[in-house]
Every structure is written in C-alpha cells, then in structure tokens.
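Overview (structure and organization)
Below are the chains, spelled out letter by letter.
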Amino acid sequence: MTTDVWGWVHDTHEQLVEAGQHRLATALVEIAGYAVDGRNEQLDAMYPEALASARALGLPWVEVFLRHWRLQNLLNKRHQGEQAMTEAVSLLEFAHREETASCPQSVCAVQDFTICHANIDGPGYVPERLAVLEEVLERVEPARACFDCLSREYADTLEDDGRAEAALAHLDRAQTRIQAAGERVSLSFGQARAGALHKLGRYPEALAALDAAVQAHTAARQVLDEDDHRKLGVIRARALAALGRHEEALAQLPPVAQAEGYADIRHRWAEAVEQLVAADRYPNDAGLGVRLAHWVSYLDAAGSHRPCLDLALIAGRLAVGRGAREVALALAATGERKLALLRRTDTVAGPLAELRAAAAALPVPALPVAPAELPRLLGERSAAQAAEASVEADLDLLAAAWAALDGEPAAAAQPAAATDLLLHLAGLLASLGHEQSSAALLWARLERDPGHQDLIGMLTSVLIEARDDAGLRRLADRLALAQPSDAHWIRARWAAAESRWAEALESCEALLALEPDRINPRRLAGAAATELGEHDRAQRLYQDLLVHALPVEGTAPEQQYRTVQPADLWHLITAATANRDWAAVREAGARLGIEFDEPEGPVEEEWQLVTIRARRANGATTDLPAVRTGPATARILPVLGEDIPLNHHDVVVFAPALLEPAPAEDASEEEQARWRPTFELLTLLDPAGYTSYFLDGAWPGPDAWGVLREALHEAGYGLWAYSGEQYAITDPADEEAELPGIYAALGVPPTAAAAEADALLTRLTAPWAHPLSWLELAKAAGADPVRHEEIVSRYGL
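1. Considering the packing of helix α11 (residues 203–219) against helix α12 (residues 226–242)
- The N-to-C vectors of α11 and α12 enclose an angle of 160°; their axes lie 9 Å apart at closest approach. When the axis of α11 is compared with that of α12, the two are roughly antiparallel. The crossing of α11 and α12 is left-handed. Residues Tyr203, Leu207, Leu210, Asp211, Val214 and His217 of α11 pack against Asp228, Leu232, Ile235, Arg236, Ala239, Leu240 and Ala242 of α12.

Structure, rendered in structure tokens:
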C-alpha cells in the first residue's frame, strides 16, 4: 500500500469543490481535526450530513474516511467500548469490500477494530489484537502515516499483556524504519514511548522522551495545540508525581475542568491525583469522589469494561482513604460487575478483592435515632449544620439505618417509612455518582412496593442518568399493562434525554390521551414539538396547558407545579411568535406584565441589544449581536457569510431561557456594561434577503470609513468590519513595510443588483489613497475582475 492518504484528501477536496459539493469538501478536510481535538459537538453536527452526502454521491472512499475519523473520536476521545463495537465491525467489513479495499484509509479500520477491543478488555483480547495488527503491518510501508499509528497500537497491546519492555523495543524498531523511509515519527509516537517507559518505572527517561518528542515536533514547524498541551501535561504530571516532584506535578496537571471535558485524559489524571493525595498534596474530598464516580459511570455506560474497572479501583482506594464506606462498597460492586465481563482477570481480581475487604472493614456508624426516624432528623438540621455535614457520612448513616430496618418486622409494619428511608438512601447514592448501586436498591424495593410513584419516578431518573437503556425498557415494559400512563411517561423522559423528540412527543400524547389533566407531560410535549420545529403544535399544547392547569390560590404547595409557571407563558410566547399569532403573544405577555408600544398587530419594537447564539455549518456555535424587537424576536446586525444560515437584518425567534447569567451585583461597572443577554436561536422568522460580499484592502482611516458606512446605510446596505487592529497588509510602495488593513462584509439588499453595488462602492471609495478589492462582487456584477485581482496581488491580500 503506497497511496498517501493526505494527498488523496487534497485531491478529493479539490474535486468536490469543483463539483459544487462545498459542504462535503469542508467536512473532508475538517473532520479529522475535530476528531483528534475532541471537538465533539462540531463533529456530531457535521458527520450525519457528510456521510449521507458521500453515500448519495456514490463515494465509498470518502465514506470510509468519514467513518474512520468519527470512530477515532468515539474510541479515543470518548472512550467508548461496546457502545462503538457495532460500528467498528461494520466499518471493518465495509473497508475491505472490493470498491474500498484500495482506499488509503481502509487499513485504519483495523486499528479502530483493535482499539475498540482494547477499550472493552485490552488484556483479554491480546492474542486477537496482535494477530490482526501483525498481518496489517506487513502490508503497510513505513513511510505511511498509518505505520506510525499501527505501530503504536501494537505497542499498546504488548503493554496490556504486561510486556512493556517488548513494547519499547517494538517502538524503537518502528522509529528506525520510519526514519529510514525519510519520515519522522509523530508527537503521539513520542507519547507512546514515554508511556512504555512509565510502565517500566523509568520515569526520568519518560520525561526526557516527551521533551525530545516536543522538540522534534516544534523543530518541524508544528505548533502544539490545546489537545497536545492537555495530553503532555497529564503524562508529565503522572511521571513527576511518581518521582515525588509534587509541586512540578501540580503545575503540569490539567485543571479538573479539562479532565471533565475530555475523557481521554481522565485515567492518567486520576493516577496522578492518587499519588498526590498520598503525598497530602491534593484534597481527597467528597467532591473528588463524585467526579471520579461520574467518570466511572460514564465508562460503564460506554461499555469500556476494563477502563471502568481500573478507574473504579482508583476511586475506591481514595474513598477508603477518606473513610467513605458506602462509596467504596459501591465502587467495589461496580468493579465486580465489570470483572464478570472480562476475559482475563489475573491483574485486577486481587486488587478488587482488596478494595472490597478494605471497604467492608471501615466502621459502621452508630445510629443517633431509630432507623425510620433518620430522614426526619437529617432534614431538620439547620442550613449551617447541613453545610458542615459530610454527604458521604450522611450516606453511611442512611445505609446503616437501611441495613437495620430492611427485613425487620418494623419495615413490614411501616412500609411507607421504609420506602421513605430507601428513597433518601438511593437518592443520595445517585447524587454522588453511583447510579447503578442506587438503581439496585430501588429495583429491590419496587418488588415490595410496586405501585409507589416516588419509587418509579426516582428509578426512572436514576436509569436515565446512568444511560441504562435496558433498565428503562425493563421498567416501562413492567408497567405497561397495569400502569400504562407511567410507562408512557418513562418512555417520553427517556426519549427526551436522548433528543429523540418525535418519540418523546408520541409518548406524551399517548399519556395525555389517558390522563388529559397531566401538566408536566404537556410541558415536555410542547418542548418536543418546539425542537421538531412544529410550532403550531407547540402553541396548541401550551394553550391547552393553561386550560388544564390548577389555580394558584388553593393549590397545595406540593401541587404548585401543576399551576401556570412563568416559563409556560414564555414558551407559549415563543411558539406563538414563530406562528405570527400576535394576539396570543400579547395575551401571554400581558400575563407576564409585559407592556407593548402598540395594542395590536405584529410586535416590532426596539428593546435592547442582545446576543443570539447560532450554529455554523460546521457545528461550531457563534454569538451574533442583535437588537431585541419583541419578547422572543431579534434583528441580526452583522453581515454574515455562507457558513451561517442568517444575514443582516434577518428577524429571528429565540428560545426564552438565558444561556448565561447576568453579572453578580458586586461585579465591576465595566463587566455589567459589557454584558448582553444571550439567547439560543430557534428559527428564522423574516429573512431580509441580503447577499454578502467581502471587501479587503487598506484601512482608509476612521473618518473615511465612517463616511462610507453612513452612505451605504442610507442606501439600504449593511457593512460589518471583521478585522481588528492587528490586521496588516503589504505596502506596494515598500514591500518590507505594512499598512493597516480592513476586512469587512458588505450586505447588498434584495432591492439592489450586484452591478449597482459595484458602481456604488467604486464611486464612494474613488477618493481613497489605496483601493479596496471586492473580487466576488465584481464577478457577480459582470465587471472586469482584473482590477481586483491586481489589488489582491499588489497588497498581498
């Protein structure tokens, strides 16, 4: 195999652009970067459309490329195991068909397949991983980038087999072959070498290997990106902590927010922190425990059994260290559940048994009151007392109370009190990140108290948080015959949690057909209809909610959720605005105390400057300045490019919830003045019809630019400057000198032709010392583009 994958990407990109397939062309060159950098939202937004386009155009090589890089993201950045196995197997088969076997990316499907097995049980699948990697490495030339990747994967497999020395030797041989072929190894290759040295306990050499890899990377004029810094930092932190250089380790350790956001650094982060905790250089508190428990739960749901067990062991040892008995036992139970799913257990069974024994040996707290009275006692504490209390200590108390009560005659005599105690225990356990342990308690209690609504509700919430599809299906099926409304509600909440809005709406409406007076299902149905863009349906649902809601006066506090809430009226306003039902907008607004300038007709007012958060074609979010023109409408100010489906003076509908809170009262005046309410774009209401063209050239000065802007504004055009003070262009009079530049977008109104815009700009900028270029506008106007091409050349635009 000799085809260069990146050369093929370059050629294919050009062909797609020439064929007018600009969005697929963009996806082809951007998806790999999104995958390896962990820009998951952008990848998820781009991938479905790109894959559908590749299939529609009959481009199987492009399909292989797109699917491979998405799998790289799922496996390496999101650490999925069984969750990604179906796609890994499917891609491996597809990549070896007759029409795809010669694709330069096809060989990488083998790597995806082996990584997926490594995430499930790396040591358990060593023989199979080595066999398939050996076969493919024989077919890949060392000059190809794939040889680097596959060699690293082979070394990882040897490490999983406890052969770190052999892994290091393999990497060194591979590096020699790569360099002999005239290529250099990747930065990731250097990180893999440092990992093998770390496994061997050769920590100074691991740090030196990292430094050498970074030096080679930067010497090749490659820039370290944020992903590189995160990975290098956590690898260094782990090695430095092992060397006892704790201050340096803390300086290198990525902030916990980064570990929260990027699953690929969590295990090394936890290893480093465990060593720092042992040296009393990092707080081993309940907050750390909750964070680690959530990461364990994430790996559990992803089907990454071995990494889940490894992390549970770290979290469990830390829990034992701070005396959190029930948390440690929950982590041991998770580990035991994962152990049963592994093919090879020799390296983990012993440490897991030690964790179970250490957790069980922790003291059980004495109860201050009778078991059934404990929830009341904990609830009656003052705010100060509750703040000082340890949630993990409370959990141990509740567990001790439940152990004392469960199965006793008192529990049978007082089933309500027993269930209440169990709900407190299960709820606190789930809030600390141990959803599966909480679910086990709730399932067991449901057998004894099958119709208890709070049990069913909490179990649903816990299973959704645990991403336990099988558990949710089991619960819904269990209730379908005797309690069909509950079954529909479970399916609706489950679907909404996974953004399956059509299913959520269907389940809500099935429930409402049985119980029309239910309020929360109407709220969820309205939200689902809004997400689906069915604003007329959403409006009907919110209006029906007003009819079925209870009056505020006379309704018990625990039933107040069934009264009309301000959020209900805002959602009604949003839906009615999208439907242009201005009477409904004004009626709901009046209930919220909103005063309008006019008593009837469309709401088109000038309220305040706001920010509308929209999505670019590549999935990235962008914040757009706008003028709020009503309760749920705003007029966009900037002139925008093709990558955003909006433009100057478009009127949009936005969702009513603030995306960012207002500054605190004690914030500086500057911060308060700078803040603007930020809302999420919902839909385009009135397109203004502007067409965008870009201007580029020398900055004429503020006076001349102000005159241009004013003249264009009077003529109905939009003008928006994008460049800042740092933008500079070449001075044609002295190529060593620079001129301040301006890069801006011109919005041509629908009433003006491109030729009119070209003539107007020519006249308005004629007195300037340096000309502007507007090449695409000139072409659209049918004008001679040579003048603009010469400007581009002379000024280095």
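That shown, we press on.
2. Focus on unusual backbone geometry
- The phi dihedral of His79 is positive, around 55°, even though this residue is not glycine.
- As for its placement among the helices and strands, His79 is situated in the loop between α4 (60–77) and α5 (82–94).
- Located in the positive-phi region is Arg580, a residue other than glycine, with phi close to 60°.
- Of note, Arg580 is situated in the loop between α32 (566–578) and α33 (582–591).

3. Considerations on the sheet that holds strand β1 (residues 609–615)
- With mixed pairing, five strands are arranged side by side around a closed barrel as β1-β2-β3-β4-β5. The sheet shows a mean angle of 55° between the axes of neighbouring strands, direction not considered.
- Here three bridges tie strand β2 (residues 621–628) to strand β3 (residues 633–636), and the two strands are oriented antiparallel to one another. In the strand pairing of β3, Val627 is matched with Arg635.

4. Structural notes on the side chain of His68
- With respect to the element layout, His68 can be found in helix α4.
- In this structure, His68 is in contact with Leu91, Gln105, Cys108, Gln111 and Asp112, ignoring residues within four places of it in sequence.

5. Regarding the pattern of salt bridges
- Counted under the stated rule, the structure contains 54 salt bridges.
- Salt-bridge contacts for Glu63 lead to Arg55; the nearest nitrogen and oxygen are separated by 3.1 Å.
- Glu63 gets classed as buried once you look at its relative accessible area, which sits at 6%.
- For Arg55, a relative accessible area of 48% puts it in the partly exposed group.
- Each of Lys77, Asp227, Arg230, Lys231 and Asp264 takes part in a single network of salt bridges with overlapping partners.

6. Details of the side chain of Asp758
- Mapped onto the elements of the fold, Asp758 is located in helix α36 (residues 754–765).
- For the buried Asp758, which has no salt bridge, the nearest side chain bearing the opposite charge is Arg787, at an N-O separation of 5.9 Å.
- At a separation of 2.7 Å, a polar atom in the side chain of Asp758 contacts the side chain of Trp774.
- In this structure Asp758 touches Trp774, Leu777, Ala778, Ala781, Ala783 and His788, once residues within four positions along its chain are discounted.

What counts, and where the lines are drawn
Residues numbered from 1 in each chain as written. Predicted model: local features only at pLDDT ≥ 70, side-chain atom pairs only at ≥ 80, totals over all residues. Heavy atoms only, no water. Axes fitted to C-alpha atoms, helices over the stretch in contact; angles between N-to-C directions. Helix = DSSP H or I, 4+ residues; strand = E, 2+ residues; numbered from the N terminus. Parallel < 35°, antiparallel > 145°, perpendicular 65-115°, else oblique. Left-handed = near helix turned anticlockwise from the far one by under 90°. Contact = heavy atoms within 4.5 Å. Pairing = 2+ DSSP bridges. Salt bridge = Lys/Arg side-chain N within 4 Å of Asp/Glu carboxyl O. Buried < 20%, exposed > 50% of the residue type's maximum accessible area, 1.4 Å probe, protein only. Lys, Arg positive; Asp, Glu negative; His and termini not counted. Polar contact = N/O pair within 3.5 Å; in protein donor to acceptor, adjacent residues only side chain to side chain.

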